[in-house]
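A look at the structure
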Amino acid sequence: GNHQGARNDQVLITWGVDPGLEEKICVHPCTVRFVPSTSYHERSLTALRWLQSIRPDIARDLLFPTKAPKLPPAPAVVEDDCDYETENSLEHEYGQLNENQTKFVQMVVTRTAYPAKDGIRPPMILTGPAGTGKTKTLLVAILHTLQQSKLNPTLNGESEVMAERSPPHILVCTPSHTACDVITIRLAKLLAKQKAFQSSNPSDLIFRLYDVNRPVSTVPSDVLPFTRQGAKGEFVLPTCQELLKFSIIVCTCHDSHILYLAGLTNAMLRHRLQCLQATILSTLRLSGMQGEITGSDRIHFTHLFIDEAAQATEPESLIPLSVVVDDDPGATKVEIALCGDPRQLSPNIYSPLASQGLQRSLLERLLRLPVETYGGGRESLLGPPTASSWRSLDELIEYSFQRKDCHDHLSVFLNLSYRGHPSFLLMPSKLFYFDKLKSAVK
């Protein structure tokens, strides 16, 4: 073996073909011990400690919701400036969304138009098998959220003043760097073609956040313009002023802890704003002047989207939640969306002792909650299976979408596959999706 070098808590060892290696090992036996990095566990434990520190009712409504949100009718957006029919439009780039994809986008738009203050709403869930366009739908929802702030919404055909809300700032997380890089590149291409954002460079709207120890050589060249690098080429955080100007920050769930350590969370930013407000008002009173400062109850990160959420452990999903959730009673609450499919890849847990609790993602656990929350098919959204069909409690678990594909303001199941031939979908549809899968392939 050849010791190639060490960096912080990482050691690189390569093995080559050496005819005398076996003989050397026999003569000089050695023990190699691999100690995994503790940073993942430390960040997850920090998120769990944060969860213990917030108000119990907020933690309950976030992780164990029991009621679906009640919202007014969806706002009809005036489309004079959308330029939907031109080759630069979002619809031209991605094609017409199907019915269920449109329902999810409309769900995000509606919850954005009516921000919550009294309590945090249950996370929105977008699920479906591979090839149904989950990431595509997520990107369209993000763009509509950004465009919504630039348009003049109307309700029921009459212009009304919508609830005061913060300008959208979106945190997008995934469990893997590969998925983050794909989202960054696709979002940049979409923003560059949108009429509403053509006056801005995509690199001024999107920031791809990396840990300082991430090797630059592992990052696609198309993503580097959306990063910031130091004098030695290492990844660094931009100044606070610059970072808060970005409309979208993309990072792994793990790396979102960097924002938490930097104090760039919704709770900390609101606290600083309120301190500044108190100082200004005190100065005004001492000067014999009167005034009022508004906006101290606004939040910075208005949305959190977690893609491939079924592949993240629940403590891993809590890391970005610790950045965006503000439990202050007067603060506007963030909107959260989870995207993934628990019937595909689950979190990689190798310990038999830990697999029972950590093998199930936050997305899957939410889909097992009572019917009243997400509108499941039987007592829960995913299972357990019927007595006549079950082999084990975790086998053939039932989707909440056995009867309905969509549940208002909460969840959408995408059942139209754009990758699979009808003949290829027969078996997975029958075994796992209650014969609901359809093929868009002719």
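The following refers to the structure shown. (Residues numbered from 1 in each chain as written. Predicted model: local features only at pLDDT ≥ 70, side-chain atom pairs only at ≥ 80, totals over all residues. Heavy atoms only, no water.)

1. Here we look at the overall build of the chain
As a reminder of what qualifies: Only runs of H or I of at least four residues qualify as helices and only runs of E of at least two qualify as strands under DSSP, and these elements are numbered from the N terminus. Type-normalised accessible area, obtained with a 1.4 Å probe on protein chains alone, sets the label of each residue: buried when under 20%, exposed when over 50%, and partly exposed for intermediate values. Residues are treated as being in contact if the distance between any of their heavy atoms lies within 4.5 Å. Accessible areas in this description were obtained via Shrake-Rupley with a 1.4 Å probe; residue shielding takes into account the shown protein chains only.
Of the regular secondary structure elements, the chain holds 16 helices and 15 strands. When the 442 residues of the chain are sorted by exposure, 48% land in the buried category. Within the chain, contacts between residues separated by at least 24 positions form 72% of all contacts whose residues are at least 6 apart in sequence. Counting every atom, the chain has about 22800 Å² of accessible surface; 54% of that belongs to carbon and sulfur.

2. Overview of the nonpolar core
Definition in use: The set of buried Ala, Val, Leu, Ile, Met, Phe, Trp, Tyr and Cys residues whose side-chain atoms join them within 4.5 Å is what this entry labels a nonpolar core.
Judged by nonpolar contacts, the single largest core of 42 residues is most densely connected at Leu171, Leu321, Val325 and Ile336. When residues in this core are grouped by element, the largest group, five residues, is from helix α12 (residues 314-324). Counting residues in each nonpolar core, the second largest holds 34 residues, with Ala188, Phe197, Phe226 and Val412 among its members.

3. Quick word on the pattern of salt bridges
For side chains of opposite charge, pairing can occur when their charged atoms come near one another. Stated precisely, the cut-off is as follows: A pairing counts as a salt bridge when a side-chain nitrogen of Lys or Arg comes within 4 Å of a carboxyl oxygen of Asp or Glu.
Throughout the structure, instances matching the rule amount to 13 salt bridges. Between Lys103 and Glu99 there is a salt bridge whose closest N-O contact spans 3.6 Å. One end of the pair, Lys103, and the other, Glu99, are both in helix α5 (residues 99-113), four residues apart, so they sit about a helical turn from each other. Judged by its relative accessible area of 37%, Lys103 is partly exposed. Residue classification places Glu99 among the exposed residues on the basis of a relative accessible area of 57%. Residues joined in a network through salt bridges with shared partners are Arg43, Asp211 and Asp255.

4. Re the packing of α5 against helix α6 (residues 134-148)
Note the threshold: Where helices are involved, their axes are fitted lines through C-alpha atoms of the stretch in contact, as for all axes, and angles between N-to-C directions lie from 0 to 180°. Helix crossings are classified by the rotation of the near helix relative to the far one: an anticlockwise turn of less than a right angle makes the crossing left-handed, while a clockwise turn makes it right-handed. Classes in brief: Ala, Val, Leu, Ile, Met, Phe, Trp, Tyr, Cys and Pro nonpolar; Asp, Glu, Lys and Arg charged; the others, Gly included, polar.
Direction vectors running N to C along α5 and α6 enclose 35 degrees, while the axes themselves pass 9 Å from each other. In this structure, the crossing between α5 and α6 has a hand that is right-handed. Along the contact surface, α5 presents Gln101, Phe104, Val105, Val108, Val109, Thr112 and Ala113, while α6 presents Lys136, Thr137, Leu138, Val140, Ala141, His144, Thr145 and Gln148. Split into classes, the residues belonging to the contact of α5 with α6 amount to eight nonpolar, six polar and one charged.

5. Quick notes on the packing of aromatic side chains
For clarity, the threshold we go by: Only Phe, Tyr and Trp rings are paired, with Trp represented by its six-membered ring, and only when their centres lie within 6.5 Å; those with planes under 30 degrees apart are stacked, over 60 edge-to-face, the remainder tilted.
Tallied over the entire structure, the rule returns two aromatic pairs. Here the aromatic rings of Phe207 and Phe246 are separated by 5.3 Å at their centres, their planes lie at 25 degrees, and the arrangement is stacked. Taken together, the residues span a long stretch of sequence, with Phe207 in strand β8 (residues 206-208) and Phe246 in the loop between α9 (240-243) and β9 (248-252) at a distance of 39 residues. Like Phe207, the residue Phe246 is buried in the burial classification. Between the aromatic rings of Tyr210 and Phe235, the centroid separation amounts to 4.7 Å while the plane-to-plane angle is 25 degrees, which identifies the pairing as stacked.

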